[in-house]
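Overview (structure and organization)
Listed below are the residues making up each chain.
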Amino acid sequence: MLLANRNLFNNFFNDPFFERPFENATSQIMKTDIHEKDGNYQVDMELPGYAKENIRADLKDGYLTINATRNETKEEKDEKGKCIRKERYTGSCNRSFYVGDQITQDDIKASFKDGVLHLCIPKETPRIPEEEQPKLITIE
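Judged by nonpolar contacts, the single largest core of 17 residues is most densely connected at Leu47, Ile66 and Leu119. Secondary-structure elements contributing two or more residues to this core are strand S2 (40-46), strand S4 (63-77), strand S5 (83-98) and strand S7 (116-122). If we skip the residues at most four places from it in the chain, Ile66 touches Met30, Met45, Ile55, Arg56, Ala57, Cys93, Asn94, Arg95, Leu117 and Leu119.

Printed below as a string of C-alpha cells:
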C-alpha cells in the first residue's frame, strides 16, 4: 500500500505542469505574432483586458520590453446592499525582444486597438556616423 501511495505522489510531482507551474499560465497571455513587411517587423501582441494606459514599452541596450499591469476589483451585493462576494485581481506581465543597438525609441511606432498592441520596428540598419569636423590645433 505504501508503494502505491509513493507512486501516486511521484506521478503528481513529475507532472510537467508542476515542474514549471507558471509556464502554462504565462503562455496564455502576451501571445505575439511577428511578420516581416516592407523592411520592418510588424509585431502584434494580444493583451485582452488591459487598458492602453497600463501598457508600457521601454527600449534599453537594444532590448524592447513590453510591460502590462492590471488591477481589477469585482463586488457583488444583495438587494439590501450587503456584500456577498468581493474579488480582487492584481497582475502584471512582461516580455522582451532584442531589436538591436542601432534602433532608437523614435524608430518604433506603436498603437493599441481592440486588445492588441501593434508595433512597427525597422530592421536594424547601421547608422551613418556624422562626419567629424576637423578640430583646429592652436599653435603657440
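Further remarks concern unusual backbone geometry. Phi at Asp38 takes a positive value of approximately 50 degrees, unusual for a residue other than glycine. Topologically, Asp38 is positioned in the loop between strand S1 (32-37) and S2. Take Asp38: its relative accessible area is 69%, and that puts it in the exposed class.

This part takes up the sheet that holds S7. Within the open sheet, the four strands sit side by side as S1-S2-S7-S6. Their pairing is antiparallel. In the strand order of this sheet, the two ends are held by S1 and strand S6 (109-113), each with one partner. On average, each strand axis in the sheet is inclined to that of its neighbour by 15 degrees, with strand direction left out of account. Strand direction decides the pairing type here: S2 and S7, joined by seven bridges, are antiparallel. If you follow Glu46 over to S7, its bridge partner there is Val116.

For the structure on display, the rule yields one aromatic pair. Geometrically, the ring pair formed by Tyr63 and Tyr98 is edge-to-face, given 5.0 Å between the ring centres and 65 degrees between the ring planes. Of this pair, Tyr63 sits in strand S4 while Tyr98 is found in strand S5, placing the two residues 35 residues apart along the sequence. For Tyr63, a relative accessible area of 43% puts it in the partly exposed group. Taking the relative accessible area as the measure of exposure, Tyr98 reaches 48% and is therefore partly exposed. Positioned above the aromatic ring of Tyr50, the side-chain terminus of Arg70 is 5.5 Å from the ring centre.

A few words on the sheet that holds strand S3 (residues 55-60). Read from one edge of the open sheet, three strands run S3-S4-S5, paired in antiparallel fashion. Of all strands in the sheet, those with a lone pairing partner are S3 and S5, marking the two edges. Mean inter-strand twist for the sheet, computed between neighbouring axes without regard to direction, equals 10 degrees.

Relative to the elements of secondary structure, Asn67 occurs in strand S4. Setting aside residues no more than four positions away along its own chain, Asn67 makes contact with Asn54, Ile55, Arg56, Asp58, Cys93 and Asn94.

Looking at the element boundaries, Glu87 is found in strand S5. Since its relative accessible area comes to 41%, Glu87 is described here as partly exposed. C-alpha of Glu87 to C-alpha of Glu75: the two residues are twelve residues apart in sequence and 6.4 Å apart in space. Residues within four places of Glu87 in sequence aside, it is in contact with Glu72, Thr73 and Lys74. Side chain to side chain, Glu87 and Arg85 meet in a polar contact 3.4 Å long.

Scoring rules and cut-offs
- Residue numbers run consecutively from 1 along every chain, following the written order of its sequence.
- Thresholds applied to this predicted model are a pLDDT of at least 70 for local features of residues and 80 or more for the giving and counting of side-chain atom pairs; totals over whole chains, interfaces and linings are not thresholded and use all residues.
- By convention in this description, side-chain values take in all heavy atoms of the structure and omit both hydrogens and water.
- Remark: nonpolar core denotes a set of buried residues (Ala, Val, Leu, Ile, Met, Phe, Trp, Tyr, Cys) joined through side-chain atoms within 4.5 Å.
- Only protein chains enter the accessibility calculation, which uses a 1.4 Å probe; a residue whose area is less than 20% of its type maximum is buried, one above 50% is exposed, and one in between is partly exposed.
- To qualify as a helix, a DSSP run of H or I must reach at least 4 residues; to qualify as a strand, a run of E must reach at least 2; elements of each kind are numbered from the N terminus.
- Should any heavy atoms of two residues lie within 4.5 Å, those residues are counted as being in contact.
- Should DSSP find at least two bridges between two strands, the strands are taken to pair.
- All axes here are fitted lines through C-alpha atoms, helices being fitted over the stretch that makes contact, and every angle between N-to-C directions spans 0 to 180 degrees.
- Here the aromatic set is Phe, Tyr and Trp, taking the six-membered ring for Trp, and pairing holds for ring centres within 6.5 Å; pairs whose planes are under 30 degrees apart are stacked, those over 60 apart are edge-to-face, and all others are tilted.
- The criterion for a charge sitting over a ring is simple: Lys NZ or Arg CZ within 6 Å of the ring centre, and within 35 degrees of the ring normal.
- Think of a polar contact as two N or O atoms within 3.5 Å of one another; within protein, one of them needs to be a possible hydrogen donor and the other a possible acceptor, and neighboring residues in sequence only count if both atoms come from side chains.

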